[in-house]
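Tertiary structure, described
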Amino acid sequence: MTSPTLEAGAAHAPTASEYIKHHLGHFSTKHQESVVDFSIINMDTMFWSIAMGILGCLIMWMAARKATSGVPTRFQAAVEMVFEMVDNQAKGIVHGDRSFIAPLALTVFVWVALMNSLDFLPVDMFSAMFKLFGIEHIFPYHRVVPTADLNGSLGIALGVFALMIYYSIKIKGFGGWIHELFSAPFGIAMAPFNLLLNIIEYAAKTVSLGMRLFGNMFAGELLFLLIALLGAMATTFGFVGHVIAGSVWAIFHILIVFLQAFIFMMLTLVYLGQAHEGH
């Protein structure tokens, strides 16, 4: 005979759709009622973005502080490999002063890689911790991966857009940049069409940069949730499938995490390199 406690627990157990919807919810300043609402701030995205930025700076600072001219430690060797990889890419793409752009690209790569890596944390870890400490009513929703939030990825892309404008004006001058907007690529006689085309190009670069990162990380997060639901099945197949699928996807996701950080860094260099060149 089934006990009333078990029946009540089964009655209140979330369905698969409710489980996914809950885990895809943000801890925000207010509930979002429309598709676009710039007054809403996703506090979890802000917290983890800033935290990973601080952690990335701390890692780079520790590597620089402990760097030696002799035989490097494994930590120093790993950081030097990443630095040389980014610096070589910057030399091949950006033709001009790279004293700021190369460190910027390194910062972007490390920051995005750290934010993406948060996807390896167990999907139910924070909800379980909040329940353990009795604060689940304070944090009813919590998403960890900032790059799986469109606001986070587009926010970084807007920063790259601002740098594109900055370097275009710095290299060509304000007048030269305005002239290029109206004269490239079809000549000044086609000024209205050139301006429209250049505006679309700037918008496409920014949106595609943010959407590409968001789409890949959101898909990875969603797949981890589906695998977690597979493990919730009270069968041998569910448990074995959860372990096998979770392990395989986690290993494959390592490639996605660092590949997306590399692609974002490369596109940042390409766009800033184009800002240094004229049509």
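No experiment lies behind these values; they were computed from the predicted model shown.

Some words on the overall build of the protein chain
- Within the protein chain, the regular secondary structure consists of nine helices and zero strands.
- Each helix (α) and strand (β) of the protein chain, taken in turn from the N terminus, gives the series α-α-α-α-α-α-α-α-α.
- Expressed as lengths along the three principal axes of its C-alpha atoms, the size of the protein chain is roughly 85 × 55 × 35 Å.
- For the protein chain, the proportion of its 279 residues judged to be buried stands at 35%.

Considering the packing of aromatic side chains
- One pass over the structure, following the stated rule, counts eleven aromatic pairs.
- Taking the centre distance of 6.0 Å and the plane angle of 85° together, the rings of Phe161 and Tyr202 count as edge-to-face. With a gap of 41 residues between them, Phe161 in helix α7 (residues 150–183) and Tyr202 in helix α8 (residues 191–231) connect regions that are remote in the sequence.
- Here Phe161 falls in the partly exposed class, since its relative accessible area comes to 27%.
- Between Phe174 and Trp177, the aromatic rings sit 6.2 Å apart at their centres with planes inclined by 55°, giving tilted as the arrangement. Highlighted residues: Phe174 and Trp177, both in helix α7, separated by three residues, approximately one helical turn.

Side note on unusual backbone geometry
- A cis amide bond, omega 5°, links Ala184 with the succeeding residue Pro185.
- Structurally, Pro185 is set in the loop between α7 and α8.

Regarding helix α4 (residues 74–93)
- Between its terminal C-alpha atoms α4 stretches 29 Å, which fits the 28 Å expected from 20 residues at 1.5 Å a residue.
- Where α4 is concerned, the buried positions are Gln76, Val79, Val86, Asp87, Ala90 and Ile93. All buried residues of α4 project into a common sector of 135° when viewed along the axis, lining one side. Away from its buried face by more than 90 degrees, α4 exposes Arg74, Met81 and Gly92.

Details of the nonpolar core
- Counting residues in each nonpolar core, the largest one holds 47 residues, and the members touching the most others are Val112, Leu209, Phe264, Met265, Leu269 and Leu272.
- Every element with two or more residues in this core is listed here: α3 (43–65), α4, α5 (101–117), α6 (125–132), α7, α8 and α9 (236–275).
- A total of twelve residues in this core trace back to one element, the largest contributor, which is α5.
- Contacts of Val112, omitting those with residues within four sequence positions, involve Leu213, Ala261 and Phe264.

A look at the environment of Leu121
- Tracing the sequence through the fold places Leu121 in the loop between α5 and α6.
- Leu121 sits in the partly exposed class, given a relative accessible area of 31%.
- When the C-alpha positions of Leu121 and Leu132 are compared, they lie 17 Å apart, and in sequence the two are eleven residues distant.
- When near neighbours in sequence (up to four residues on either side) are disregarded, Leu121 contacts Phe126 and Val144.

Describing the confidence of the model for the protein chain
- Across the protein chain, the average pLDDT comes to 87, with 90% of residues at or above 70.
- The element-level mean pLDDT for the protein chain is lowest in helix α1 (residues 4–12), coming to 44, with α5 highest at 95.
- Counted against residues more than four places away or in other chains, residues 1–11, with its pLDDT under 50, gives one contact.

Some details on a nonpolar patch on the surface
- A cluster of nonpolar side chains, contributed by Ile41, Met43, Met46, Ile50 and Ile54, occupies part of the molecular surface with about 460 Å² of accessible area.
- Topologically, Ile50 is positioned in helix α3.

Brief notes about the side chain of Gln76
- Within the element layout of this structure, Gln76 appears in helix α4.
- At a separation of 3.1 Å, a polar atom in the side chain of Gln76 contacts the main-chain carbonyl oxygen of Thr68.
- In this structure the side chain of Gln76 is engaged in a polar contact, spanning 2.8 Å, whose partner is the side chain of Glu80.
- Once residues lying within four places of it in the same chain are set aside, the contact partners of Gln76 are Lys66, Ala67 and Thr68.

Describing the packing of α3 against α5
- Here α3 crosses α5 at 125°, and the two axes come no closer than 9 Å. Here α3 lies oblique to α5, going by the angle between them. Crossing handedness for the pair α3 and α5: right-handed. Only Leu106, Val110, Trp111, Leu114 and Met115 of α5 make contact with α3, whose side of the interface consists of Ser49, Met52, Gly53, Leu55, Gly56, Ile59 and Met60.
- Broken down by class, the residue content of the contact of α3 with α5 amounts to nine nonpolar, three polar and no charged.

Structural notes on the environment of Tyr271
- By the element assignment, Tyr271 lies in helix α9.
- When its relative accessible area of 9% is taken as the criterion, Tyr271 is described as buried.
- Along the chain, Tyr271 and Glu180 lie 91 residues apart, while their C-alpha atoms are 16 Å from each other.
- Residue contacts for Tyr271: discarding those within four places in its chain leaves Val160, Met164, Lys205, Ser208 and Leu209.

Rules and cut-offs
Sequence order as written defines residue numbering, which begins from 1 separately in each chain. Per-residue local features of the predicted model are confined to residues with pLDDT of at least 70, and side-chain atom pairs are confined, for both listing and counting, to 80 or more; whole-chain, interface and lining totals are unaffected and use all residues. Water and hydrogen atoms were dropped before computing side-chain values, which therefore reflect all heavy atoms in the structure. Numbering of helices and strands starts at the N terminus; helices are DSSP runs of H or I of at least 4 residues and strands are runs of E of at least 2. Think of it in three bands: residues with accessible area under 20% of the maximum for their type are buried, residues over 50% are exposed, and the middle band is partly exposed, with areas taken using a 1.4 Å probe on protein chains only. Stacked, edge-to-face and tilted are the three classes for Phe, Tyr and Trp ring pairs, Trp counted by its six-membered ring, which pair at centre distances within 6.5 Å; planes under 30 degrees apart are stacked, over 60 edge-to-face, the rest tilted. Each residue after the first adds 1.5 Å to the expected span of a helix. When we speak of the arc, we mean the arc of directions from the helix axis to the C-beta atoms. Buried residues of nine kinds, namely Ala, Val, Leu, Ile, Met, Phe, Trp, Tyr and Cys, make up a nonpolar core once their side-chain atoms join them within 4.5 Å. When checking whether two residues touch, look at their non-hydrogen atoms; a contact exists if any pair is within 4.5 Å. What pLDDT reports is the predictor's confidence in each residue, on a scale of 0 through 100. Only residues whose relative accessible area exceeds 30% and that take part in no salt bridge are eligible for patches, with like-charged residues grouped when within 9 Å of each other and nonpolar side chains (Val, Leu, Ile, Met, Phe, Trp, Tyr) grouped when within 5 Å. Using a 1.4 Å probe, the Shrake-Rupley method yields the accessible areas, and only the shown protein chains count as cover for residues. Any Lys or Arg side-chain nitrogen located within 4 Å of an Asp or Glu carboxyl oxygen qualifies as a salt bridge. Between N or O atoms, a polar contact is any pair within 3.5 Å; within protein, one atom must be a potential hydrogen donor and the other a potential acceptor, and residues adjacent in sequence are included only when both atoms are from side chains. Axis definition: a line fitted to C-alpha atoms, limited for helices to the stretch in contact. Angles are taken between N-to-C directions and run from 0 to 180 degrees. Any angle that is under 35 degrees is reported as roughly parallel, and any over 145 degrees as roughly antiparallel; angles of 65 to 115 degrees are reported as roughly perpendicular and all others as oblique. Here a crossing is taken to be left-handed if its near helix is turned anticlockwise relative to the far helix by less than a right angle, and right-handed if that turn runs clockwise. Each residue is assigned to one of three groups, with Ala, Val, Leu, Ile, Met, Phe, Trp, Tyr, Cys and Pro labelled nonpolar, Asp, Glu, Lys and Arg labelled charged, and all others, Gly among them, labelled polar.

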